[in-house]
Amino acid sequence: MEENQSRTNYSEKPLRCIVKLGGAAITCKNELEKINEENLGIVSKQLRQAMVNGGGSSNSTDSIKVLGMDWSKRAGGGVSEISINPDEFGDQSELDLSKFIIVHGAGSFGHFQASKSGVHKGGLCNPLVKAGFVATRISVTSLNLEIVRALAREGIPSIGMSPFASGWSTCERNISAADTSQIAKSIDSGFVPVLHGDAVYDDLQDCTILSGDVIIRHLAEVLKPEYVVFLTDVLGVYDRPPTDSNAVLLREIAVDEDGNWSIVAVENMNKQVEITVAAHDTTGGMITKITEAALIAKLGIDVYIVKAATDHSFRALNGEIRGDIPDDWLGTVIRSSKQKQKSS
């Protein structure tokens, strides 16, 4: 694999968390290119609280003034001139945020363009595929900008990073090149990198769609976060589609050394997990999410899958689910069987 995995001058403070903002949680997935502003706003606030807290009580952020970093005019309204007080930023010099990386899905941005043109199947010699590649990247990068701006308004020093522009590529849809040195340097400089699922080159089929879930697994392998959180539009992983009235939330999934995973038994559970994928989802949906989460857990890194913009998501982001799973927490924990034995 062609990759610069150097972490030269990486500070002693470890990477605390990699967060996946699920496309279905931050966009209205059945409405073309529409952001779920309410969810994105809540998630941005929760992320800031978790970064400031360092795993402590949410009360620790109450006395810290939020200094927004989005000084641009918003489309359709917003401020017409920049108004900032430089002196206020001097008070933030000792604010030490925990190290986070954020990766977001596309939701109603990008998936429709990719599926209609067949970008995920490759073939850049086809004019439709080439046009779809351009259209997909316009869509996903526009969403990335809006997410970066939402985080910046909460005082999070977020920096958008596109995998395509950073030289990431695949071979048969598996990552073949991914330079993470710029990501590590950004974290070291106090920034929060914000990556996204993207249209990229593929060595064998010209191009494909690189899923945010695959990106997270690769970053976890290289940068070794303390834990990973997947924020979704449902409470977690169910034994069948959550729209089924008999669906049971799976509290815990254990992964063995070979990467095989098994469900920690609960009552009234369907042992054969049934998963559906939206017709326009070119990245595999929940199937890819569980597969990649299991590979991360195999590394000894806990993964929490939880509904975005809830108290449960904040507790996961804040690191409160590490160890024993609280009885009143709703979500799914995926961890290695060895980690499970240590915590029991």
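From a predicted model like this one, the values you see are computed outputs, not experimental measurements. (Residues numbered from 1 in each chain as written. Predicted model: local features only at pLDDT ≥ 70, side-chain atom pairs only at ≥ 80, totals over all residues. Heavy atoms only, no water.)

Trainee: Summarise the overall build of the chain; cite the residues concerned and give the values.
Mentor: Assigned secondary structure in the chain consists of ten helices and 13 strands. Every one of the 344 residues in the chain was classed for burial, and the buried ones make up 53%. In the chain, once contacts between residues fewer than 6 apart in sequence are set aside, the share between residues at least 24 apart is 75%. Counting every atom, the chain has about 15,800 Å² of accessible surface; 48% of that belongs to carbon and sulfur. (Helix = DSSP H or I, 4+ residues; strand = E, 2+ residues; numbered from the N terminus. Buried < 20%, exposed > 50% of the residue type's maximum accessible area, 1.4 Å probe, protein only. Contact = heavy atoms within 4.5 Å. Areas by Shrake-Rupley, 256 points an atom, 1.4 Å probe, with all protein chains shown as cover.)

Trainee: Please set out the sheet that holds strand 4 (residues 169-171) residue by residue, giving values where relevant.
Mentor: Reading across the sheet, the four strands line up as 5-4-7-8 and stay open at both edges, with mixed pairing between neighbours. Bordering the open sheet on either side are strand 5 (174-177) and strand 8 (206-210), each of which pairs with just one other strand. Neighbour to neighbour, the strand axes of the sheet diverge by 50 degrees on average, direction disregarded. Both strand 4 and strand 5 contribute to a ladder of three bridges, which runs antiparallel. Within strand 5, the residue paired with Cys171 across the bridge is Asn174. Running at roughly 140 degrees to strand 7 (residues 198-202), helix 5 (residues 127-153) makes contact with strand 7 and strand 8 of the sheet. (Pairing = 2+ DSSP bridges. Axes fitted to C-alpha atoms, helices over the stretch in contact; angles between N-to-C directions.)

Trainee: Hey, could you go over unusual backbone geometry for me, with residue numbers and the actual values?
Mentor: Its identity is not glycine, yet Glu33 carries a phi of approximately 50 degrees, on the positive side. With respect to the helices and strands, Glu33 occurs in the loop between helix 1 (23-26) and helix 2 (37-53). In this model, Lys224 sits at a positive phi of 55 degrees, which is unusual for a non-glycine residue. Structurally, the position occupied by Lys224 is in the loop between helix 7 (212-223) and strand 9 (227-232).

Trainee: Talk me through the UniProt feature "binding site: ATP" (unreviewed entry) in the chain; I want residue IDs and the actual numbers.
Mentor: With numbering aligned to this structure, UniProt lists the feature "binding site: ATP" (unreviewed entry) at Gly107, Asp233, Gly285 and Lys289. One can find Asp233 in the loop between strand 9 and strand 10 (252-255). Residue Asp233 is classed as partly exposed on the basis of its relative accessible area of 42%. Among residues more than four places away in sequence, those in contact with Asp233 are Ala24, Ala25 and Lys307. (UniProt positions renumbered as here; feature names shortened; annotations may be inferred.)

Trainee: Go over helix 2, please, and point to the residues and values.
Mentor: The end-to-end C-alpha distance of helix 2 is 24 Å, a good match for the 24 Å that 17 residues give at a rise of 1.5 Å each. Listing the buried residues of helix 2 in full gives Leu40, Val43, Ser44, Gln46, Leu47, Arg48, Ala50, Met51, Val52 and Asn53. Following helix 2 by one or two positions, Gly54 adopts a phi angle in the positive range, close to 65 degrees. (Expected span 1.5 Å × (residues − 1).)

Trainee: Kindly report on the side chain of Ser186, identifying the contributing residues and their values.
Mentor: Along the chain, Ser186 falls in helix 6 (residues 181-188). Dropping the residues within four chain positions of it, Ser186 is found in contact with Met161, Phe191 and Pro193.

Trainee: Can you tell me about the pattern of salt bridges, naming the residues and giving the values?
Mentor: Across all of its chains, the model carries 16 salt bridges by this definition. In this structure, Arg149 engages Asp70 in a salt bridge whose closest nitrogen and oxygen atoms are separated by 2.8 Å. Residue Arg149 is located in helix 5, and its partner Asp70 is located in the loop between helix 2 and helix 3 (86-90); the two are separated by 79 residues in the primary sequence. Across the pair, Asp70 and Arg149 agree in class, each one buried. Taking the shortest distance from any N to any O, the salt bridge between Arg322 and Glu226 comes out at 3.1 Å. Of the two residues, Arg322 sits in the loop between helix 9 (311-317) and strand 13 (332-336) while Glu226 sits in the loop between helix 7 and strand 9, which places them 96 residues apart along the sequence. Its relative accessible area of 30% is what places Glu226 among the partly exposed residues. One continuous salt-bridge network, built from bridges that share partners, spans Asp70, Arg149 and Arg153. (Salt bridge = Lys/Arg side-chain N within 4 Å of Asp/Glu carboxyl O.)

Trainee: Please provide a residue-by-residue account of the environment of Val222, values included.
Mentor: By the secondary structure assignment, Val222 is in helix 7. Residues Val222 and Thr180, 42 residues apart in the sequence, show an inter-C-alpha distance of 8.1 Å.

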